[in-house]
Amino acid sequence: MFDFTHHHDDLLLRVTGLLSITVGVAALWQLYTLVHLPPHHEASAIELVLAAIGFLGMSAGSALVALGRHIFDEVIIARPWGHAASFELPTKSGSILPPTIEHLSAPRSYVAVTPELCWCAR
């Protein structure tokens with residue numbers, strides 16, 4: 001039995017990334033040949049599927065080749081970009097309250113739409 005240590009896992013993920021890139025290149029090559037067949041035509045369903053396979057294969061494959069097993073590393077997010085519940089909002093009395101939906105939502109709009117202003121109502 002093989003002992004899959006971190007080095008083997010990393011190598012396996014990078015090889016999987018290379019295979020994914022190969023599948024993506026093959027799909028895009030087939031798409032290229034289908035698109036350039038005469039006469040000009042609208043995109044067919046198979047061409048759209050090949051484009052999606054090519055994009056996903058190349059994107060996921062390049063991420064796996066570049067990162068290897070580090071693709072599963074935990075990322076620390078700065079506090080301003082973290083979960084909204086982590087913010088503390090002080091009140092006038094100095095006590096801290098959890099945020100409500102009013103604090104987190106966009107400011108209200110005070111524009112009134114009347115039938116005279118709406119061109120679609122005419």
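To be clear, the structure that these remarks concern was listed above.
The structure reproduced in this document is the subject of the present report. (Residues numbered from 1 in each chain as written. Predicted model: local features only at pLDDT ≥ 70, side-chain atom pairs only at ≥ 80, totals over all residues. Heavy atoms only, no water.)

**Details of the packing of aromatic side chains**
Rules: Here is the rule: rings of Phe, Tyr and Trp (six-membered ring for Trp) pair when centre to centre is within 6.5 Å. Planes less than 30 degrees apart are stacked, more than 60 are edge-to-face, and the remainder are tilted. Per the convention used, a helix needs a DSSP run of H or I reaching at least four residues, while a strand needs a run of E reaching at least two, with both numbered from the N terminus. Partly exposed describes any residue whose relative accessible area lies between the buried limit of under 20% and the exposed limit of over 50%, with all areas from a 1.4 Å probe on protein chains only and scaled to the type maximum.
Applying the stated rule across the entire model yields one aromatic pair. Ring plane angle 25° and centroid distance 5.8 Å describe the contact between Trp29 and Tyr32, whose orientation is recorded as stacked. Taken together, the positions of Trp29 and Tyr32, both in helix α1 (residues 6-35) and three residues apart, correspond to about one turn of that helix. By relative accessible area, Trp29 is classed as exposed at 57%.

**As for the environment of Ser62**
Relative to the helices and strands, Ser62 resides in helix α2 (residues 45-67). Along the sequence, Ser62 and Gly17 sit 45 residues apart, while their C-alpha atoms lie 6.3 Å from each other.

**Quick word on the side chain of Ser20**
Under the convention used in this document: Any two residues having at least one pair of non-hydrogen atoms within 4.5 Å are treated as being in contact.
With respect to the element layout, Ser20 can be found in helix α1. A residue is classified by how much of its surface remains accessible, and Ser20, at 18% relative accessible area, is buried. Every residue in contact with Ser20, bar those within four places of it in the chain, is listed here: Gly57, Met58, Ala60 and Gly61.

**A few points about the pattern of salt bridges**
Side chains carrying opposite charge are able to pair once their charged atoms draw close together. Definition in use: In what follows, salt bridge is the name for a side-chain nitrogen of Lys or Arg lying within 4 Å of a carboxyl oxygen of Asp or Glu.
The final tally for this structure, using the stated rule, is one salt bridge. Between Asp10 and Arg14 there is a salt bridge, with its nearest N and O atoms 3.0 Å apart. Taken together, the positions of Asp10 and Arg14, both in helix α1 and four residues apart, correspond to about one turn of that helix. For Arg14, a relative accessible area of 26% puts it in the partly exposed group.

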